[in-house]
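# Architecture and fold: a report
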Amino acid sequence: MTIITERSKTTTTKAEQALRMYRQMLAIRLFEERVNDLYTRALMPGLAHLYIGEEAVAVGVCEALHKDDYITSTHRGHGHCLAKGASPDRMFAELLGKEAGYCRGKGGSMHIADPATGNLGANAIVAGSVGIATGAAFAAQRLGNGRVAVCFFGEGALGQGSLYEVMNLAQLFKLPVIYVCENNLYTEYTHFSETTAGEILNRATAFGLEAAMVDGQDVRAVHEAGSRLIERARRGEGPGFLLANTYRYTGHHVGDIAREYYRPKAEEQEWKMDRDPIKNLTKWLLEQKLADSVQLSAMESELTAEMDKAVEFAVTAPYPSPEEVEQDVYA
Amino acid sequence: MPEVAQREVTFAQAIREALAEEMRRDATVCILGEDVAEAGTPFKVLSGLVEEFGKDRVLDTPISEAGFTGMAVGAAMTGLRPVVDIMFGDFITLTMDQMVNQAAKVHYMSGGRWKVPMVMRTTLGATRRSAAQHSQSLHAWFSHVPGLKVVLPSTPYDAKGLLKTAIRDENPVVFFEDKMMYKLKGPVPTEEYTIPLGVADIKREGNDITLVATSSMVQVALGASTLLEKAGISAEVIDPRTTWPLDEKTLIDSAKKTSRVIVIDEGYGRYGVTAEIASVIAEGAFYDLDAPVKRMGAMHVPIPFSPPLEDATVPTENSVFEAARALCNRN
């Protein structure tokens, strides 16, 4: 089953592209709402880190990528994986530890990986994938296959030294890699201003990377800024750094409910009411007469039905058989 | 070893030949590390490679072990076969997240969908007067981790054959070279050959006691066996050659034959390689043993600088000889 429509890069109008991004963002929102539901009903083991509120970053950037381009993702990675083309049914199956999941149940929520969509894997070590993304860009350059790699990470990864090691290497070797920093303001339960000295962009420009900052709640702006950095990297002009300012609507993980000790409810309400990426795009689509409300609600109904079907698929899918525990330790 | 081997080369040259042959055979093999190109490493092991293969395939990196090891993981996932050079084995500590959390787990976490065919070459061994941060033998650390393979060559012949196999392996392989052995000469045929990982080698046949020795300790064990022969004790010297996969059968068979075993490894004994091998032998040959399995390794101290202190920390021909005589009740 493929809910996320495969993109044809050759024919696309502005309207088609905006609607495709709308659909992707909505799909991620509906997916994550179901993750929350599965988790709170104790159907999902482990941990669930929701991407709700940040959809425009993954969607805007991945809209500018080709299917065989690479991404690396994070513990908050469902949005990146879906935006890069993963199917919700196999995603849900992985989240529930089922054999039909992308990793045959061995990875779970924090480790979705899929060669078919260029997804090198979500990573549960903060900044753990910065080397992998940079290495994929290195291989793409050496093999001359024209691919680029996008490394998604949260602003918490700015605290890891390995990020600065690879940005230095990427610039020295002029690698086609784009580091996308999603600043959702909170490093777990701590405001980023308490953990981050100086200006974030300066950390990239110090190495000579092409750096840009964008409103991460505006998918069209993310796409435009992302496209510029991606195409520049693809032309061999070197790595880029995109800082997307965004917001995590929910807790660090499902279950992080009492949040007032680290952020006020009014702040959450403000982002949800005034800066929601889906609402903002809806408004723009209607204003520009690129879609009407009937069309948009039909899309929502269709996606809702497909997501429910995907959940059903995962819930009823079998677990891996016990002998699989020792499989795939070595290739 | 074939009867026809006549040409003698040094351990360093054997390593260099293995790399050069594999780089000629496979254009995706490349080398990343500090001072690996024109300098050919401080040990001059790689001299001449950049002249033949160019700077695109023999790349000098910044002093960023985590960064370039991480890059190698990503590059290995996406079509290259990188060989990273970690100058001193002590510096593997800087690569631990990339090797343990990333390289070792990518294949399993992705349900077998991604693989990481990379090699990390590094060194071990004390008595070079390099003090505590340039003298450790930390191969046990990687041997502990599922998903990694660990190779410990002890002769030029083994070094060449095992390295060629390691480069062709589909998994991350860590290859430890004894720094003190680079100038050791031994027979290496001109014809191509490889040695499988996981096959121990009987370096010397004997009947009274088995000396299981790794890497730098193989020559020590062979020297001790010559002294033992003069004392009327016939020692068998077994070199596992890889700590994982481990050739348990050859170890157990030899223990059953001789009924007495000393395990000698330059790493720390505490929770170390000698502990694992002693356990394998105790479980597999318990009813055939005439004495407890004895272990000899580095003393449990940071490696000191002062020569008489440093020399006291590692097993020697004499200390192995004395321990073997005692175990055979021939004091």
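## Description of unusual backbone geometry
- Here the amide bond leading from W244(B) into P245(B) is cis, since omega sits at -5°, within 30 degrees of zero.
- Counting through the fold element by element, P245(B) comes out in the loop between β12 (242-244) and α9 (248-258).
- With a phi close to 55°, E188(A) is a non-glycine residue in the positive phi region.
- Examined against the element boundaries, E188(A) turns out to sit in the loop between β5 (186-187) and β6 (190-191).
- Classification of E188(A) as partly exposed rests on a relative accessible area of 41%.
- Residues other than glycine seldom take positive phi values, yet T41(B) does so here, at roughly 75°.
- Turning to its location among the elements, T41(B) is positioned in the loop between β2 (29-33) and α2 (49-53).
- Classification of T41(B) as buried rests on a relative accessible area of 4%.

## Notes on the interface of chain A and chain B
- Taken together, the contact between chain A and chain B spans 39 residues of the former and 44 residues of the latter.
- Carbon and sulfur atoms make up 67% of the area that chain A and chain B hide from each other, which totals about 3,200 Å².
- Counting across the chain A and chain B interface gives one salt bridge.
- Counting every contact that joins chain A to chain B gives 13 residue pairs in polar contact (both at pLDDT 80 or more).
- For the side of chain A that touches chain B, the secondary-structure elements that each account for two or more residues are β2 (119-123), α5 (130-143) and α6 (161-172) of chain A.
- In terms of residue count, α5(A) provides more of the side of chain A that touches chain B than any other element does, nine residues in total.
- Grouping the amino acids of the side of chain A that touches chain B by side-chain chemistry returns 21 nonpolar, eleven polar and seven charged.

## Brief notes about the sheet that holds strand β6 (residues 149-151) of chain B
Residues and elements named next belong to chain B.
- Strand order in this open sheet of seven strands is β3-β2-β4-β5-β7-β6-β12, and the pairing throughout is mixed. Each of the sheet's edge strands pairs with one partner strand only, and the pair in question is β3 (58-60) and β12. Ignoring which end each strand starts from, the neighbouring axes of this sheet average 20° apart.
- Across three bridges, β6 lies against strand β7 (residues 173-178) in parallel orientation. Directly across from K149, in β7, lies its bridge partner V173.

## Focus: helix α2 (residues 55-62) of chain A
- For α2(A), a buried count of eight out of eight residues is recorded, marking the element as mostly surrounded by other parts of the structure.
- Regarding α2(A), the residues found buried are E55(A), A56(A), V57(A), A58(A), V59(A), G60(A), V61(A) and C62(A).

## Regarding the domain arrangement of chain B
All names here are of chain B.
- Partitioning chain B into structural domains gives domain 1 (7-189) and domain 2 (201-327).
- Centre-to-centre separation of domain 1 and domain 2, based on C-alpha positions: 26 Å.
- Each partner contributes residues to the interface: domain 1 has 26 residues there, and domain 2 has 26 residues.
- Summed over both sides, the interface between domain 1 and domain 2 buries roughly 2,100 Å², with carbon and sulfur atoms accounting for 57% of that surface.
- Three residues stand out in domain 1 for area buried against domain 2, namely R129, L152 and S154, and they jointly supply 26% of the buried area on that side.
- Across the contact surface, domain 1 and domain 2 share four salt bridges.

## A few points about helix α3 (residues 65-77) of chain B
All names here are of chain B.
- Taking 1.5 Å as the rise per residue, α3 with 13 residues should run 18 Å; its terminal C-alpha atoms sit 18 Å apart, in good agreement.
- Where burial is concerned, most of α3 is hidden: 13 out of the 13 residues are buried.
- Of the residues flanking the end of α3, it is G79, one or two places downstream, whose phi is positive at about 120°.

## A look at the confidence of the model for chain B
- Predicted confidence across chain B gives a mean pLDDT of 96, with 98% of residues reaching 70 or more.
- Listed scores for the predicted complex are pTM 0.96 and ipTM 0.95.

## Some thoughts on the environment of L285(A)
Residues and elements named next belong to chain A.
- Mapped onto the fold, L285 is located in helix α10 (residues 277-287).
- Using a relative accessible area of 0% as the deciding quantity, one classes L285 as buried.
- Along the backbone, L285 and Q295 are ten residues apart, and their C-alpha atoms lie at a distance of 11 Å.

## With respect to the environment of V219(A)
Residue and element names in this part refer to chain A.
- Within the secondary structure, V219 is located in helix α8 (residues 219-234).
- On the basis of relative accessibility, which here comes to 2%, the residue V219 falls in the buried class.
- Separated by 114 residues in the primary sequence, V219 and G105 place their C-alpha atoms 32 Å from one another.

The rules behind these values
- Residues numbered from 1 in each chain as written.
- Chains lettered and ligands numbered in written order.
- Predicted model: local features only at pLDDT ≥ 70, side-chain atom pairs only at ≥ 80, totals over all residues.
- Heavy atoms only, no water.
- Helix = DSSP H or I, 4+ residues; strand = E, 2+ residues; numbered from the N terminus.
- Buried < 20%, exposed > 50% of the residue type's maximum accessible area, 1.4 Å probe, protein only.
- Contact = heavy atoms within 4.5 Å.
- Buried area = accessible area lost by both parts, 1.4 Å probe.
- Salt bridge = Lys/Arg side-chain N within 4 Å of Asp/Glu carboxyl O.
- Polar contact = N/O pair within 3.5 Å; in protein donor to acceptor, adjacent residues only side chain to side chain.
- Nonpolar A, V, L, I, M, F, W, Y, C, P; charged D, E, K, R; others polar.
- Pairing = 2+ DSSP bridges.
- Axes fitted to C-alpha atoms, helices over the stretch in contact; angles between N-to-C directions.
- Domains from an automatic or database assignment.
- Expected span 1.5 Å × (residues − 1).
- pLDDT = per-residue confidence, 0-100.

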